[in-house]
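# Structural overview for review
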Amino acid sequence: MTLNELIKNCKKNNREAQSELFRRYKDALFLVSLKYCRNVVEAEDNLHDAFITIFQKIKTYKNKGSFEGWMKRITIYKAIDSYKANRHIPIEIKNDLLEDDTTVLSKWVDLPLDALLGLIQELPDQYRLVFSLYQLDGFSHKEVAAMLQISEGTSKSNYHRAKQLLRTRITDINSTSQIKATEK
Amino acid sequence: MKNREDIGALFEARLQDKSKSPRLEVWEKINETLDAETKRKKRLFFWWFFGSIATITILLLTTLTVTNTSLFNASENDSEEELNIQKESPIDITSEEATESSQMLDENSTNNNESNIMFTSEGIEDTEYSKEDQAAIKEEKNNNTANEKKRTKIVSHGSKTTTDEANKLHFEGEHEIIFDDGYEVETNYSYYNSETNETIVTSDKKVIDSLIAASKAEAKKSEIPDTNTDSEKRKDSLN
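Residues numbered from 1 in each chain as written. Chains lettered and ligands numbered in written order. Predicted model: local features only at pLDDT ≥ 70, side-chain atom pairs only at ≥ 80, totals over all residues. Heavy atoms only, no water.

You'll find chain A entered in an unreviewed UniProt entry as RNA polymerase sigma-70 factor (ECF subfamily), with Ulvibacter antarcticus given as the organism.

Pasting the structure below:
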């Protein structure tokens, strides 16, 4: 079944077509959810909500632009909505503990996918969202600011601090592994 | 230092074109939610459809009931007005209504006066009455005028109730007077003969006219021999 046929059948609320659509795109969209949510459970909930919205709004899709991109945007907006609904007080980060340098050795980042995703999920909510939106999904700071209802400066600041935090965590992980290696 | 790169770019590169499968339970949950959504839509459609039908039916029934009730009330009122004499609670007469009623009564009394005038002009002028008879006529006239005054008085202070038969106006006061819109004034002519004490009452004016003409003729006849006898007496006395 071609993508157009699949979309056409999904517009008719055909359950088999909906199941096929889920099967085809669940992995890509789940990865998107994992980048924006705090853990796997939240990401699964977000994926559930995203697919329900996709099936409800698929009638409004006019075959313009990438269908996968349209679904990814829905998934991202679901995560942002969830963040806005449960917005927490931003965690105070002690600036003196953070270094301005945000570069690391490339081999330090050769970690399994789950470990990388885990590092992102550990970031404070707003930092994680800004980092994922700007760095991983290519939105501009202006767009990020509009989506999260923050200023552009805050978006830039949050992005920089997110990288500093990630660098600190990566450095810790590598120093620990080096110690273990020398011990052996 | 050559191998150092921006940590953001490194993360982006490592996560590019990667995917991760969710658990199978996610689709089961989605399936359940979609089923519930379908049921909710069906239920909404059911309530919307039958609710609309019920609303339309109720509106139609209400409209029909209201129409029938108003028609029934109208016909009931009409039949009551035509057939029944039903006393309702007294309604105060407005000044206009009182004026109209008094005017109507005035017309009635005028008609009565006309009959009285006829009675006097036709009956009294051409007839010689005894003193007792004249007193009786005066008393009757006084009574008539008193009744007229009383009627006017009652009308001005009375209250009105509508009766259905022939649209009668019913006035309540010291005395109950019924005024009928559908009345007919009957003019009677009376002839009183003082010699025989006979009174003839008739609605035909010609009968009275003929009686008056006959009595005049008799009077003339009786006067002619009397004058002859007087002249003869005078002649005799002169001789």
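Having put the structure on the table, let's press on.
Moving on: the interface of chain A and chain B. On the chain B side, the residues contacting the 41 residues of chain A number 28 residues. In total, chain A and chain B occlude about 3,300 Å² of area from one another, counting both sides; carbon and sulfur atoms represent 65% of this. Among the residues of chain A in contact with chain B, A:Arg15, A:Glu44 and A:His48 are the three that bury the most area, contributing 17% of the side total. Here chain A and chain B share 6 salt bridges between them. Its salt-bridge partner being A:Lys163, residue B:Asp6 comes within 2.9 Å of it at the nearest N-O pair. At the boundary of chain A with chain B, the tally comes to 17 residue pairs in polar contact (both at pLDDT 80 or more). For the side of chain A that touches chain B, the secondary-structure elements that each account for two or more residues are α2 (15-36), α3 (40-57), β1 (103-105), α5 (113-122), α6 (125-136) and α8 (152-183) of chain A. Looking at the side of chain A that touches chain B, the element that brings in the most residues is α2(A), giving 11 residues. For the side of chain A that touches chain B, the residue count by class is 22 nonpolar, 8 polar and 11 charged. Where β1(A) and strand β1 (residues 4-6) of chain B come together, 3 bridges link them in antiparallel fashion. Paired with A:Leu105 across the two strands is B:Arg4, which belongs to β1(B). (Contact = heavy atoms within 4.5 Å. Buried area = accessible area lost by both parts, 1.4 Å probe. Salt bridge = Lys/Arg side-chain N within 4 Å of Asp/Glu carboxyl O. Polar contact = N/O pair within 3.5 Å; in protein donor to acceptor, adjacent residues only side chain to side chain. Helix = DSSP H or I, 4+ residues; strand = E, 2+ residues; numbered from the N terminus. Nonpolar A, V, L, I, M, F, W, Y, C, P; charged D, E, K, R; others polar. Pairing = 2+ DSSP bridges.)

All right, on to the packing of aromatic side chains then. According to the stated counting rule, one finds 15 aromatic pairs over all chains in the structure shown. Note on A:Tyr25 and A:Phe67: the rings are 6.1 Å apart at their centroids and 75° apart in plane angle, and the pair reads as edge-to-face. Here the residue A:Tyr25 occupies a position in helix α2, and A:Phe67 occupies one in helix α4 (residues 67-85), the gap between them amounting to 42 residues. Taking 5.2 Å as the distance between ring centres and 90° as the angle between the ring planes, the aromatic pair formed by B:Phe49 and B:Phe50 counts as edge-to-face. B:Phe49 sits in the partly exposed class, given a relative accessible area of 37%. (Phe/Tyr/Trp six-rings, centres within 6.5 Å; stacked < 30°, edge-to-face > 60°. Buried < 20%, exposed > 50% of the residue type's maximum accessible area, 1.4 Å probe, protein only.)

So, about α8(A). For α8(A), with 32 residues, the first-to-last C-alpha span of 47 Å sits near the 46 Å given by 1.5 Å per residue. Among all positions in α8(A), only A:Ser155, A:Asn158, A:Tyr159, A:Ala162, A:Lys163, A:Gln164, A:Leu165, A:Leu166, A:Arg167, A:Ile170 and A:Asn174 are buried. Each element contacted by the buried residues of α8(A) is listed here: β1, α5, α6 and α7 (141-148) of chain A together with β1 and α1 (7-15) of chain B. (Expected span 1.5 Å × (residues − 1).)

All right, on to the packing of α5(A) against α8(A) then. All names here are of chain A. Across the interface, α5 lies against α8 with an axial gap of 10 Å and an inter-helix angle of 135°. Between α5 and α8, the angle is such that the two are oblique. As for the relative orientation of α5 and α8, their crossing is right-handed in sense. In this structure, α5 contributes Leu 119, Ile 120 and Glu 122 to the contact, and α8 contributes Leu 166, Arg 169, Ile 170 and Ile 173. Among the residues making up the contact of α5 with α8, the classes are represented as 5 nonpolar, no polar and 2 charged. (Axes fitted to C-alpha atoms, helices over the stretch in contact; angles between N-to-C directions. Parallel < 35°, antiparallel > 145°, perpendicular 65-115°, else oblique. Left-handed = near helix turned anticlockwise from the far one by under 90°.)

Turning to the pattern of salt bridges, a few remarks are in order. One pass over the structure, following the stated rule, counts 16 salt bridges over all chains. With its nearest N and O atoms 3.4 Å apart, the salt bridge here joins A:Asp101 to B:Arg4. Pair noted here: A:Asp101 is in the loop between α4 and β1 and B:Arg4 is in strand β1, and the two residues belong to different chains. Under the relative-accessibility criterion, A:Asp101 is labelled partly exposed at 32%. Taking the relative accessible area as the measure of exposure, B:Arg4 reaches 19% and is therefore buried. One salt bridge connects A:Glu122 with A:Arg169, and the closest N-O pair in it is separated by 3.0 Å. Taken together, the residues A:Glu122 in helix α5 and A:Arg169 in helix α8 connect sequence positions 47 residues apart. Taking the relative accessible area as the measure of exposure, A:Glu122 reaches 52% and is therefore exposed. Residues participating in the shared-partner salt-bridge network are A:Arg38, A:Glu42, A:Asp125 and A:Arg128.

On to a nonpolar patch on the surface. Residues and elements named next belong to chain B. Nonpolar side chains collect at one region of the surface, where Phe 45, Phe 46, Trp 47, Trp 48, Phe 49, Phe 50 and Ile 53 lie side by side and expose about 810 Å² of accessible area between them. Mapped onto the secondary structure, Trp 48 falls in helix α2 (residues 25-83). Classification of Trp 48 by relative accessible area gives exposed; the value is 57%. (Patch = residues over 30% accessible without salt bridge, like charges linked within 9 Å, V, L, I, M, F, W, Y side chains within 5 Å. Areas by Shrake-Rupley, 256 points an atom, 1.4 Å probe, with all protein chains shown as cover.)

All names here are of chain A. Positive phi, close to 60°, is recorded for Asn 13, a residue that is not glycine. Locating Asn 13 in the fold gives a position in the loop between α1 (3-11) and α2. Look at Asn 13 and you get partly exposed, because its relative accessible area is 42%. The phi dihedral of Gln 149 is positive, around 55°, even though this residue is not glycine. By relative accessible area, which is 59% here, Gln 149 ends up exposed.

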